[in-house]
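# Remarks on the overall topology
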Amino acid sequence: VTCCEPEILLIDEFLSTGDLQFREKAMTTMIDMLRQSRIVMIASHDLAFLRQFCSRVLWLEKGRIKEDGPAECIIERYIDAAQGAKSPRHQLAAS
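So, here's what we can say about the structure. (Residues numbered from 1 in each chain as written. Predicted model: local features only at pLDDT ≥ 70, side-chain atom pairs only at ≥ 80, totals over all residues. Heavy atoms only, no water.)

### Section: the side chain of serine 44
- Relative to the elements of secondary structure, serine 44 occurs in strand S2 (residues 39-44).
- Among the polar contacts listed, one links the side chain of serine 44 to the backbone nitrogen of aspartate 46, at a separation of 2.9 Å. (Helix = DSSP H or I, 4+ residues; strand = E, 2+ residues; numbered from the N terminus. Polar contact = N/O pair within 3.5 Å; in protein donor to acceptor, adjacent residues only side chain to side chain.)

### Some thoughts on the pattern of salt bridges
- According to the stated counting rule, one finds five salt bridges in the structure shown.
- Close ionic contact of glutamate 72 with arginine 51 constitutes a salt bridge, the shortest N to O distance being 3.1 Å. Separated by 21 residues along the polypeptide, glutamate 72 in helix H3 (residues 71-84) and arginine 51 in helix H2 (residues 47-53) bring together distant segments of the chain.
- Here arginine 51 falls in the partly exposed class, since its relative accessible area comes to 34%.
- For arginine 56, the salt bridge goes to aspartate 68, with nearest N and O atoms at 2.7 Å. Taken together, the positions of arginine 56 in strand S3 (residues 56-61) and aspartate 68 in strand S4 (residues 64-70) put the pair 12 residues apart, joining distant regions of the chain.
- One connected set of salt bridges, linked through shared partners, spans Arg51, Glu72 and Glu76. (Salt bridge = Lys/Arg side-chain N within 4 Å of Asp/Glu carboxyl O. Buried < 20%, exposed > 50% of the residue type's maximum accessible area, 1.4 Å probe, protein only.)

What follows is the structure, given as structure tokens:
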């Protein structure tokens, strides 16, 4: 949860920590920021969240962009690759 109104907000796994009350407040704030058309970049492995709230996804692998495109398309490719690999080390960043 932020105390200011940034033009660009970078968030890394923001819902993976904190108690339920914190997570609910963080989610409400995030939804408000998304509705206000601010630029929000989220690093996350929460594919359900990314599908629901993101229009574009960057798939990062070893610190480099592997794919960039519509959220649903890139998430499906990510899932296919993860199911085909024994121990994938991928992270998605979305906006």
